[in-house]
2 protein chains.
Amino acid sequence: MVSTARKVTDSQQRFLDAAIHLFARHSVAGTSLQMIGDELGVTKAAVHHHFRSRADLLTAVVEPVCAGLRVSVEAAEALRGRHVRADRALTGFVDVVLGNRELLPVLTGDPGAAELLGSHPCLGDLTSRLTALLAEAEGSDGGHLRADIILSGIACAAGPRSRHLDPTELRGHLVDTGRRALGLRIPRP
Amino acid sequence: MVSTARKVTDSQQRFLDAAIHLFARHSVAGTSLQMIGDELGVTKAAVHHHFRSRADLLTAVVEPVCAGLRVSVEAAEALRGRHVRADRALTGFVDVVLGNRELLPVLTGDPGAAELLGSHPCLGDLTSRLTALLAEAEGSDGGHLRADIILSGIACAAGPRSRHLDPTELRGHLVDTGRRALGLRIPRP
């Protein structure tokens, strides 16, 4: 699902995969460039050759998530009717999460990631637009909080701990739980 | 809301508060005993005097959450009727979260915390029992996943980013979103 603005080379992708794997196990703050080098059997200098800093590396890690979210949010915003827009935003988000199952729980829960990403050029903006799309599904109070619960909950629950579930079934349950919580219509099977 | 098995002295509590504050900002892996000492203007040895290791400290940090969860889960399990039990477990969980708003997002999302708590004597067991209570609300498929989404989502959303909301209103929205997602009855206001 990579469709990044900046092309990532195969060798850079190896570093990104190793980084995500270590973030998920040891959190962002617990992962050093040295550890990423060790994981791949190369020196820290080799990691530095591709990414000047941890912040630089994290930006590259997050790029596919940003690209996926942007497509999904823009597609939802282009639709008419707040229920239809919210439903499109929700299903699009679930698909981005399922395409990045190891990374999303880190981005959602890890304070180290939040700190580094606070100044990220796109992620904050896209998350706000996504939250607004879901919050507007109903005119009632508490829409932003409901959206926040559902987005965080889906990102955490779709992580490694639901690895044993069938992907189609998992997707169905994630979407349906979101629809219930947001008051969206659940299509009959 | 502290009602720990082992009594915590006032000076130990100062260390625990400082630790939670640093965990929430820098994640568990990003927080050293040295940093906790620096935060309080004491030496690392002074921290060591109270807590032999990081694991020891984290266990003490988590103790009030365990105590609160135990009371809530046992109260729910003692009731008859799966909807009533699920509703009691949900509202009890929301109250534990609201009593530990800085810590709960860390416990939910931080891989460093998960790693250290994997062997914790009570938290894993209580979380399983809580999940089972919520999952059984309906007989349908996907109950455990729905419960996981709601528990993780509530823990994350009740953290610092909802600091601006009125506590009573916040509690109402957290409970109602859980009820919707789990198919529980929402009482009329």
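Please read all numbers here as calculations on a predicted model, not as lab measurements.

1. Here's the deal with helix α10 (residues 167-182) of chain B
All names here are of chain B. Look at α10: 23 Å from first C-alpha to last across 16 residues, which is about the 22 Å you get at 1.5 Å a residue. Leu170, His173, Leu174, Val175, Thr177, Gly178, Arg179, Ala181 and Leu182 are the residues of α10 that are buried. One or two positions beyond α10, positive phi appears at Gly183, with a value near 75°.

2. Things to note about unusual backbone geometry
Despite not being glycine, A:Ser27 shows a phi value in the positive range, around 70°. You can see A:Ser27 is positioned in the loop between α1 (10-26) and α2 (33-40).

3. Examining the pattern of salt bridges
Taken as a whole and judged by the stated rule, the model has 20 salt bridges over all chains. Across the pair B:Arg129 and B:Asp125 runs a salt bridge, and its minimum N-O distance is 3.2 Å. One end of the pair, B:Arg129, and the other, B:Asp125, are both in helix α8 (residues 123-135), four residues apart, so they sit about a helical turn from each other. What makes B:Arg129 partly exposed here is its relative accessible area of 25%. A salt bridge links B:Asp176 to B:Arg179, with the shortest nitrogen-to-oxygen separation between them at 3.7 Å. Of this pair, B:Asp176 and B:Arg179 both sit in helix α10, three residues apart, which is roughly one turn of the helix. With a relative accessible area of 11%, B:Arg179 lands in the buried category. Salt bridges sharing partners connect three or more residues here, namely A:Glu77, A:Asp125 and A:Arg129.

4. Section: the layout of surface pockets
Within this model, the largest pocket holds a volume of roughly 1300 Å³. What lines the largest pocket is a set of 44 residues, among which A:Leu107, A:Thr108, A:Thr127, A:Asp148 and B:Arg161 lie closest to the centre. When residues of the lining of the largest pocket are traced back to their parent elements, those giving at least two are α4 (54-77), α6 (104-109), α7 (111-117), α8 (123-135) and α9 (143-157) of chain A together with α1 (10-26), α6 (104-109) and α10 of chain B. The element best represented in the lining of the largest pocket is α9(A), accounting for seven residues. Taken together, the residues of the lining of the largest pocket sort by class into 19 nonpolar, 16 polar and nine charged. Roughly 1000 Å³ of internal volume is contained in the second largest pocket. Taken together, 33 residues line the second largest pocket, and the ones lying closest to its centre are A:Arg161, B:Leu107, B:Thr108, B:Ala114 and B:Thr127.

5. Some points on the interface of chain A and chain B
In this assembly, 39 residues from chain A lie in contact with 39 residues from chain B. Of the roughly 2800 Å² buried where chain A meets chain B, counting both sides, 62% is carbon and sulfur surface. Considering only the surface of chain A that becomes buried against chain B, A:Leu145, A:Ile149 and A:Arg180 emerge as the three largest contributors, covering 24% of it. Where chain A packs against chain B, one counts four salt bridges. Here A:Arg161 makes a salt bridge to B:Asp148, at a shortest N to O gap of 2.8 Å. Taken together, chain A and chain B are joined by eight residue pairs in polar contact (both at pLDDT 80 or more).

6. Some remarks on the confidence of the model for chain A
All names here are of chain A. In the predicted model, chain A carries a mean pLDDT of 88, and 94% of its residues have values of at least 70. Taking the mean pLDDT of every element in chain A, the minimum, 69, falls on α7 and the maximum, 97, on helix α5 (residues 82-99). A low-confidence stretch, residues 1-5 stays under pLDDT 50, and its non-local contacts, those more than four residues away or across chains, total nine contacts.

7. Brief notes about the relation of the copies chain A and chain B
Overlaying chain A with chain B gives an RMSD of 0.0 Å, the required rotation being 180° about an axis along which the chain moves by 0.0 Å. Between the two chains, the operation in question is that of a two-fold axis. Interface residue correspondence from chain A to chain B reaches 100%, placing this contact among same-surface, isologous pairings.

8. Here we look at the state of the cysteines
Counted by the stated rule, this structure contains two disulfides over all chains. A sulfur-sulfur distance of 2.3 Å marks the disulfide that ties A:Cys66 to A:Cys122. Here A:Cys66 is found in helix α4, whereas its partner A:Cys122 is found in the loop between α7 and α8, with 56 residues between them in sequence. Using a relative accessible area of 9% as the deciding quantity, one classes A:Cys122 as buried. A:Cys156 takes part in no disulfide bond, and the closest cysteine sulfur to it belongs to B:Cys156, at a distance of 4.2 Å. Taking the relative accessible area as the measure of exposure, A:Cys156 reaches 4% and is therefore buried.

9. Focus: empty space enclosed by the protein
It is a probe the size of a water molecule, rolled over the atoms, that shows where empty space is left. Residues and elements named next belong to chain A. Following the criterion strictly, the structure yields one cavity of 30 Å³ or more and no others. Considering the residues around the largest cavity, the lining is formed by ten residues, among which Phe23, Thr31, Ile36, Arg54 and Leu57 are closest to the centre. Of all elements in the fold, only α2 and α4 reach the threshold of two or more residues within the lining of the largest cavity. It is α4 that provides the largest number of residues to the lining of the largest cavity, a total of three residues. Considering only residue class, the lining of the largest cavity consists of seven nonpolar, two polar and one charged.

10. Digging into the nonpolar core
Grouped together as the largest cluster of nonpolar side chains are 112 residues, with contacts concentrated most on A:Ile36, A:Leu90, A:Ile154, B:Ile36 and B:Ile154. Contact partners of B:Ile154, with chain neighbours within four places excluded, come to A:Ile149, B:Leu90, B:Phe93, B:Val94, B:Val97 and B:Leu174.

11. Re the environment of B:Ser128
The topology assignment puts B:Ser128 in helix α8. For the pair formed by B:Ser128 and B:Asp148, sequence separation is 20 residues and the distance between their alpha carbons is 9.9 Å.

Calculation criteria
- Residues numbered from 1 in each chain as written.
- Chains lettered and ligands numbered in written order.
- Predicted model: local features only at pLDDT ≥ 70, side-chain atom pairs only at ≥ 80, totals over all residues.
- Heavy atoms only, no water.
- Helix = DSSP H or I, 4+ residues; strand = E, 2+ residues; numbered from the N terminus.
- Expected span 1.5 Å × (residues − 1).
- Buried < 20%, exposed > 50% of the residue type's maximum accessible area, 1.4 Å probe, protein only.
- Salt bridge = Lys/Arg side-chain N within 4 Å of Asp/Glu carboxyl O.
- 1 Å grid on protein atoms, 1.4 Å probe; cavity = no way out; pocket = protein on both sides within 12 Å on 5 of 7 lines; lining within 4 Å.
- Points joined across faces, edges and corners; volume = space filled by probe spheres on them.
- Nonpolar A, V, L, I, M, F, W, Y, C, P; charged D, E, K, R; others polar.
- Contact = heavy atoms within 4.5 Å.
- Buried area = accessible area lost by both parts, 1.4 Å probe.
- Polar contact = N/O pair within 3.5 Å; in protein donor to acceptor, adjacent residues only side chain to side chain.
- pLDDT = per-residue confidence, 0-100.
- Least-squares fit on C-alpha atoms with pLDDT ≥ 70 in both.
- Disulfide = S-S within 2.5 Å.
- Core = buried A, V, L, I, M, F, W, Y, C linked by side-chain atoms within 4.5 Å.

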